[in-house]
Amino acid sequence: MSFNIVSAILQAWRARGRRLTAPRRAVLAALARVGCRADVQTVYRLARRLYPRTGLVTVYRTLELLVQEGWAERWEDGGVARYELAQPHHHHLVCVRCGFVARWDRCPVPVRRGTKVKGGFLVTGHRLELLGYCRRCREVRR
Ligand SMILES: [Zn+2]
Ligand SMILES: [Zn+2]
Ligand SMILES: [Zn+2]
C-alpha cells in the first residue's frame, strides 16, 4: 500500500527538479516501512540499514520537507517529534497509560477535503485519535 505514496513522492520530486540522492531515498523508504508515529532515531536507524552513509541531518531535513509538502504528518508527543506518511488515510487508537499506538483504518469523519464549512472555512484534512486503554492495560487495571 505504502509503495504508492513513495513512488508518487519520487515522481513529484523529480518533476520539481529535486535531487533524488541515495540518503533521501533511504529516508523515504525507511519512513514508509516504520509504520505509525516513528521518532527520528527509529527512521535514522532503518535508513542507515538501507543506505549506511545516511546522515542524521538529512533525516531531519527530509522529514521536514515531507511535512511541508503535505506527504507526511508530524506530531509532538511529550516533546518528541513523531512522523509518518499521510497516505493511506487512517487514524490511531492511543493507549493513555502505556502509549501504545494502533492503526485504525476506519474513518468516521464525513467531511471531505475541499468542503467549506461554517460560512467559508475550507477543509484541507483532519486529525483524529481515539484515546483509551489497550487490552494489556485494561487487564492490569482490574
Ligand atoms: Zn498511522
Ligand atoms: Zn496500554
Ligand atoms: Zn479520517
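Keep in mind that what you see is a predicted model, and the values were worked out from it rather than measured. (Residues numbered from 1 in each chain as written. Chains lettered and ligands numbered in written order. Predicted model: local features only at pLDDT ≥ 70, side-chain atom pairs only at ≥ 80, totals over all residues.)

1. Description of the pairing of strand 4 (residues 91–95)
1) Next: Note: strand 4 against strand 5 (residues 101–104), four bridges, orientation antiparallel. Directly across from Val-94, in strand 5, lies its bridge partner Val-101.
2) Next: As paired elements, strand 4 and strand 8 (residues 129–132) share four bridges and run parallel to each other. Bridge assignment links Leu-93 to a residue of strand 8, and that residue is Leu-130. (Pairing = 2+ DSSP bridges. Helix = DSSP H or I, 4+ residues; strand = E, 2+ residues; numbered from the N terminus.)

2. Observations concerning the environment of Gln-41
1) Next: Within the element layout of this structure, Gln-41 appears in helix 3 (residues 40–50).
2) Next: We classify Gln-41 as exposed; it has 11 C-beta atoms within 10 Å.
3) Next: A C-alpha to C-alpha distance of 9.8 Å links Gln-41 and Arg-82, two positions 41 residues apart in sequence. (Buried ≥ 20, exposed ≤ 12 C-beta atoms within 10 Å, placed from the backbone.)

3. Comments concerning the sheet that holds strand 8
1) Next: Pairing in this open sheet of three strands is mixed, and the strands run 5-4-8 from one edge to the other. The sheet is open, and its two borders are formed by strand 5 and strand 8, each paired with just one other strand. The mean inter-strand angle of the sheet, taken between neighbouring strand axes irrespective of direction, is 25°. (Axes fitted to C-alpha atoms, helices over the stretch in contact; angles between N-to-C directions.)

4. A short note on the nonpolar core
Most often, soluble globular proteins have nonpolar side chains that are buried together.
1) Next: Residues Val-27, Ala-30, Leu-31, Val-43, Ala-47, Leu-63 and Ala-72 are the most contacted members of the largest nonpolar core, which totals 18 residues.
2) Next: Elements that contribute at least two residues to this core include exactly helix 2 (22–34), helix 3, helix 4 (56–68) and strand 3 (80–85).
3) Next: For this core, the leading source of residues is helix 2, giving five residues.
4) Next: Apart from the residues within four sequence positions on either side, Leu-63 is in contact with Val-27, Val-40, Val-43, Ala-72 and Tyr-83. (Core = buried A, V, L, I, M, F, W, Y, C linked by C-beta atoms within 7 Å. Contact = placed C-beta atoms within 7 Å.)

5. Quick look at the confidence of the model for the chain
Detailed reading of the predicted coordinates is not advisable wherever pLDDT is low.
1) Next: Mean pLDDT over the chain works out to 92, with 96% of the residues at or above the 70 mark.
2) Next: Within the chain, the lowest mean pLDDT, 86, falls on helix 1 (residues 2–15), and the highest, 98, falls on helix 3. (pLDDT = per-residue confidence, 0-100.)

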